[in-house]
Amino acid sequence: MSASTTVTSNLTIYAHWTIKTYTVTFSANGGSGGSSQSVVYGSTASYPPTPSAPSAAYDFAGWYTNAAGTISWNQSTPISGDTIIYAKWSLKTFSVTFNANGGSPNNTRYVTYGSSPAVPSTPSRTGYTFNGWYTNAACTIPWNSSAVVYNNQTVYAGWTINSYTVTFNANGGTVSPTSRSVNYGSTIGSLPTPTRSSYTFKGWYTSVSGGSAVSASTAVTGNLTIYAQWTQVVYESYSKVFTNRADQWFFDPTIHNSSCLSGPHPPQNTAVSHVYVKQGADTFYAYNHETITLPPNGEQTWILHKWTVNVVNAVKGASKSSAYMNGGSYAYLCNDRPNPKSY
């Protein structure tokens, strides 16, 4: 209907409306691949394809209603006019993991694209010395701490095993070698045998006396000194004589019997005066209650705790007065052996 329409009767005419259409522009804001949409009044725009970043250093961080990227765009907001929506870009962030590689602690640093991470404090590992950071687990390629980061990385602590000195203290004797280098956690290995005049080597120990025994399989965890311990060799160059008094045979150091000696002997030492042996029906008893059975009839010599006892005509089962002495007054106890046992 127009202004020239002729009216012939009562007439009602109606207004017709066309809804407005607006342009919503999606700006790449430094990137590429921006787009636009035509949106009718009161409707909402659709999410466009993600644009390309300005460079490899950036990640897309969303759509914003201002170029500074401080006010985020709510896609559900109705459009009421031409609108520009801006892409926001953020520098990429990467993780640099510092793997202590058997030590402690592990650390992770986060850095932006093209930056260098702060180096953590030196890690520690028992028995090892830290020798730097490496880009591979085998620790053959050193890591450059000033290099910029363009991706996630793991760097590894490198270690040098500690070497410790094991010192062999001969403790009055002589030994070769006198020391040895052993890596942490390894065993000492074959131990040298020291020598000392008039002494028998007892073994290696952690103290001059007492302490714990040390062997080839002892593990080394630090510098270590081990000590030889010794047992003195005692020699006697004369015979020992026991006098028969009732049921006890007492040591008499004043009587010597050269017939017990044979060949050269070491220098004479003072005898132990409290030694004695009890006489029984068929046995000799040492005072510490160890028992040794008499030999069969006719055997003249037998060993009692490293002592050689000459028993004259021992008769098993005979009376006490004659069983071991055959009427004699003395039994001769000869010792020409090292380390006799003393009671």
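Preceding this paragraph is the structure being described.
Residues numbered from 1 in each chain as written. Predicted model: local features only at pLDDT ≥ 70, side-chain atom pairs only at ≥ 80, totals over all residues. Heavy atoms only, no water.

Here we come to the overall build of the chain. Helix and strand counts for the chain come out as 1 helix and 21 strands. When burial is assessed residue by residue, the chain has 31% of its 343 residues classed as buried. Contacts spanning at least 24 positions in sequence make up 55% of the contacts within the chain whose residues lie at least 6 apart. About 19800 Å² of surface is accessible on the chain, with carbon and sulfur atoms providing 49% of the total. (Helix = DSSP H or I, 4+ residues; strand = E, 2+ residues; numbered from the N terminus. Buried < 20%, exposed > 50% of the residue type's maximum accessible area, 1.4 Å probe, protein only. Contact = heavy atoms within 4.5 Å. Areas by Shrake-Rupley, 256 points an atom, 1.4 Å probe, with all protein chains shown as cover.)

Moving on, we get to the sheet that holds strand β8 (residues 153-161). Pairing is mixed across the open sheet formed by 4 strands, whose spatial order is β6-β5-β8-β7. Each edge of the sheet is formed by a strand with only one pairing partner; in this case those strands are β6 (107-112) and β7 (128-134). When strand polarity is set aside, the average angle formed by the axes of neighbouring strands in this sheet is 25 degrees. Pairing analysis gives 6 bridges linking β7 to β8, with the strands arranged antiparallel. Counterpart to tyrosine 128 in the pairing with β8 is isoleucine 161. (Pairing = 2+ DSSP bridges. Axes fitted to C-alpha atoms, helices over the stretch in contact; angles between N-to-C directions.)

Strand order in the open sheet made by the 5 strands is β10-β9-β13-β11-β12, with mixed pairing throughout. Two strands in the sheet have a free side with no partner beyond their single neighbour: β10 (179-183) and β12 (213-214). As defined by bridge partners, strand β11 (residues 199-205) adjoins β12 across 2 bridges and the pair is classed as antiparallel. Paired with tyrosine 205 across the two strands is alanine 213, which belongs to β12.

Let us look at the side chain of asparagine 162. Position of asparagine 162 relative to the elements: it lies in the loop between β8 and β9 (163-169). Overall, asparagine 162 belongs to the buried group, its relative accessible area being 17%. Among the polar contacts made by the side chain of asparagine 162, one reaches the side chain of tyrosine 164 at a distance of 3.1 Å. With residues near it in sequence (within four places) discarded, asparagine 162 still touches Gly127, Tyr128, Thr129, Val182, Asn183 and Tyr184. (Polar contact = N/O pair within 3.5 Å; in protein donor to acceptor, adjacent residues only side chain to side chain.)

A surface patch of nonpolar side chains, about 460 Å² in accessible area, is lined by Met1, Val7, Leu11 and Ile13. Inspection of the secondary structure puts isoleucine 13 in the segment before β1 (21-27). (Patch = residues over 30% accessible without salt bridge, like charges linked within 9 Å, V, L, I, M, F, W, Y side chains within 5 Å. Salt bridge = Lys/Arg side-chain N within 4 Å of Asp/Glu carboxyl O.)

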